[in-house]
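Spelled out, the chains give:
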Amino acid sequence: MPTSRPKRLPQGDRPVVYGYVLARKSNDRVIAKQHKEIALFCIQQHLRLEVIFTDRDIPDETTVRPGLIGLLDVLAFPDTHGVVVTSLDDLSSKATTRAQLYRLIKATGSVVIEVHDEPDHSLETTVQEAMPDE
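Residues numbered from 1 in each chain as written. Predicted model: local features only at pLDDT ≥ 70, side-chain atom pairs only at ≥ 80, totals over all residues. Heavy atoms only, no water.

S.K.: Would you mind showing me how to read the nonpolar core here?
M.R.: The tendency in soluble globular proteins is for nonpolar side chains to be buried as a group. Counting 19 residues, the largest nonpolar core has Tyr18, Tyr20, Leu71, Leu75, Val83, Ile105 and Val112 as the members making the most contacts within it. Breaking this core down by element, the ones donating at least two residues are β1 (16-23), α3 (66-75), β3 (80-85) and α4 (95-107). In terms of residue count, α3 provides more of this core than any other element does, five residues in total. Beyond its immediate stretch of four places on either side in the chain, Leu71 contacts Tyr18, Gly19, Tyr20, Phe53 and Val83. If you look at the next biggest cluster of nonpolar residues, it comprises eleven residues, including Val17, Ile38, Leu47 and Ile52. (Core = buried A, V, L, I, M, F, W, Y, C linked by side-chain atoms within 4.5 Å. Buried < 20%, exposed > 50% of the residue type's maximum accessible area, 1.4 Å probe, protein only. Helix = DSSP H or I, 4+ residues; strand = E, 2+ residues; numbered from the N terminus. Contact = heavy atoms within 4.5 Å.)

Take a look at the structure:
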């Protein structure tokens, strides 16, 4: 059941966000680059980045992931605005899995912010295509 809690803007009116990276193969250089990209984006967008959760060596279709579970826990905090990903593939490159994870994130009352896109717009289309009205 989606929550409708209002988003508070603590710490100087900067929305609190968390990052998420799915590293299908554990490549420290690639992961560090994605972390840096998320951090820089948050600075540019005046977002307060708390921490970046990373899952390594996890298959794309897996929905139960240690980092994702931690992310979902903190997204439920009342002052959390959302999660920042470098691309929607950081959720999953598979449309059905991506839609499932997106719905889990939205159920916390948070938004998904893609570094290279507008928040939620392209993902909404993916959810509608992958999981029509339930």
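Back to the write-up after that little detour.
S.K.: Looking at this structure, how should I read the sheet that holds β1?
M.R.: Paired through backbone hydrogen bonds, the strands of a sheet run either parallel or antiparallel to each other. With parallel pairing, four strands are arranged side by side in an open sheet as β2-β1-β3-β4. Of all strands in the sheet, those bounded by a partner on one side alone are β2 (48-56) and β4 (111-114). With direction set aside, neighbouring strand axes in the sheet form an average angle of 30°. Where β1 and β3 come together, four bridges link them in parallel fashion. Its bridge partner being in β3, Val17 is matched across the sheet by Gly82. Against the sheet, α3 touches β1, β2 and β3, its axis set at about 155° to β2. (Pairing = 2+ DSSP bridges. Axes fitted to C-alpha atoms, helices over the stretch in contact; angles between N-to-C directions.)

S.K.: Mind showing me how you'd approach α4 here?
M.R.: Spacing of three or four residues puts side chains on the same side of an α-helix, whose turn is 3.6 residues. In this model α4 runs 18 Å from its N-terminal to its C-terminal C-alpha over 13 residues, within 8% of the 18 Å that 1.5 Å per residue would give. Of all the positions in α4, only Thr97, Arg98, Ala99, Leu101, Tyr102 and Ile105 are classed as buried. Following α4 by one or two positions, Gly109 adopts a phi angle in the positive range, close to 90°. (Expected span 1.5 Å × (residues − 1).)

S.K.: What is the right way to look at the packing of aromatic side chains in this model?
M.R.: Two descriptors summarise a pair of aromatic rings, namely the distance from one centre to the other and the angle between the planes of the rings. Scanning the model with the defined rule gives one aromatic pair in all. Where Tyr18 meets Phe53, the ring centres are 6.2 Å apart and the plane angle is 45°; that geometry is what we call tilted. Remark: Phe53 occurs in strand β2 and Tyr18 occurs in strand β1; sequence separation between them is 35 residues. Just as Tyr18 is buried, Phe53 falls in that class too. (Phe/Tyr/Trp six-rings, centres within 6.5 Å; stacked < 30°, edge-to-face > 60°.)

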